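The lines below spell out each chain.
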Amino acid sequence: MRRLFPVTDETAAPGASSGTSGDGRGGPGSGGAGDGGGQEWSLAELAAAYAYPAAATGAGPGAGGRGREPWLRANMVSSLDGAAQHEGRSQPLSCPADMRIFGTLRALADVVLVGAETVRQEGYRPARARAEFATAREAAGQGPAAAVAVVSASLDLDFSLPLFTSPLVPTLVMTGSAAPPDRVAAAEAAGARVVTAGEGTGVDPERAVRALAERGHTRLLTEGGPRLLGQLVAAGMLDELCLTVAPMLTAGDAQRIAGGPSVTLPRRFTLKSMLEEDGFLFTRYARA
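Residue positions within a chain follow its written sequence, with the count starting from 1. Totals for whole chains, interfaces and linings use every residue, but because this is a predicted model, local features are given only for residues with pLDDT of at least 70 and side-chain atom pairs only at 80 or more, for both listing and counting. Excluded from the side-chain calculations are hydrogens and water; all other atoms, namely the structure's heavy atoms, are used.

Trainee: Before we move on, could you go through helix H8 (residues 205–214) and cite the residues and values that matter?
Mentor: Note on classification: 1.4 Å probe, protein chains only; a residue is buried when its accessible area is under 20% of the maximum for its type, exposed when over 50%, partly exposed between these limits. Helix and strand assignments come from DSSP, with helices taken as H or I runs of at least 4 residues and strands as E runs of at least 2, each series counted from the N terminus. Every buried residue belonging to H8 is among Pro 205, Ala 208, Val 209, Ala 211 and Leu 212, and all of these are buried. The arc that holds every buried residue of H8, seen down its axis, measures 160°, which confines them to one face. Two to three positions downstream of the cap, the backbone nitrogen of Glu 206 sits 3.2 Å from a side-chain oxygen, assigning the N-cap of H8 to Asp 204. Gly 216 lies just past H8 and shows a positive phi near 90°. Our arc is simply the arc of the directions from the helix axis toward the C-beta atoms. Definition of a polar contact: a pair of N or O atoms within 3.5 Å, with one able to donate and the other able to accept a hydrogen when the atoms are protein atoms, and with sequence-neighbouring residues admitted only if both atoms are side-chain atoms.

What follows is the structure in structure tokens.
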């Protein structure tokens, strides 16, 4: 893996653009010719590259872990022609480096926010504890793994799945105040914690983020799907987008990474970093 942006003396060095020269690992702050090298980054280097801002972690002089503000990042993948899925799933657009980043982002987060349809289509399982991140999570005051928060109006979910019955951290189900009572009871019976975050049957994105923050979850990650991400974008709640651009063309009528309601004016985001491996681009944009 090599860093393309921000440009440093290493990335701009002769031969760095090929991704085949240099003897360093290529991680953040490695010095020498590392950023031009083609070796795999360690998980610690990836974690440093994708660290949450200080405001979301309570870091900084005198912070003492207090005054944390929620920071919502999305992690999505897209083909060159804008498809977020192939045959209903994102996995065909992924690669080993993308999955390493996927796992790292989960390991940094307090909670993973995901739509019900994505849970059904992708066969979601609970986030797992990873020994490589155990010390860092404990030092950050986090549990052994991120919680999963499923957004659903109808609660049409299979509550017999391990996501609900045997997670390391109890799964949250976010719904509206008018959700079907029998489905609420089924979710609670399976061990899930139901969070009301909207009037009627729908979930209000701002209320959902606030409800998670009130539970101490300020390092937020959403993995979509496109409808949920579109709602979060339209509500102005998204702070950061980690987008993998896969060097693939799919054609067809697959969804983009964000769907649903449109915004009045396009919202500007700023490129923070770009990595590359095997033709895949791993970009990171933050709210301007």
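Trainee: Lay out unusual backbone geometry in plain terms, naming residues and giving numbers.
Mentor: Cis geometry is found at the peptide bond from Phe 5 to Pro 6, where omega equals 0°. Tracing the backbone through its elements, the reader meets Pro 6 in the loop between strand S1 (2–5) and helix H1 (43–49). Residue Gly 224 is joined to Gly 225 through a cis peptide bond whose omega torsion reads 10°. Position of Gly 225 relative to the elements: it lies in the loop between strand S7 (219–222) and helix H9 (226–234). Of note in this structure, Ala 251 is not a glycine but carries a positive phi near 55°. By secondary structure assignment, the location of Ala 251 is in the loop between strand S8 (240–246) and strand S9 (269–277).

Trainee: Account for the packing of aromatic side chains, naming residues and giving values.
Mentor: When the centres of two rings from Phe, Tyr and Trp lie within 6.5 Å, Trp using its six-membered ring, the rings pair. Their planes under 30 degrees apart give stacked, over 60 give edge-to-face, and anything left gives tilted. Considering all chains together, one arrives at two aromatic pairs under this definition. Ring geometry for Phe 159 against Phe 164: centres 4.9 Å apart, planes inclined by 75°, an arrangement best described as edge-to-face. By the burial criterion, Phe 159 is buried, and Phe 164 matches it. Taking the centre distance of 6.5 Å and the plane angle of 10° together, the rings of Phe 280 and Phe 282 count as stacked. One exposure class covers both Phe 280 and Phe 282, and it is buried. Only lysine NZ and arginine CZ atoms are considered, and such an atom sits over a ring when it is within 6 Å of the ring centre and within 35 degrees of the ring normal. Taking the ring centre of Tyr 52 as reference, the NZ or CZ of Arg 73 above it sits at 4.1 Å.

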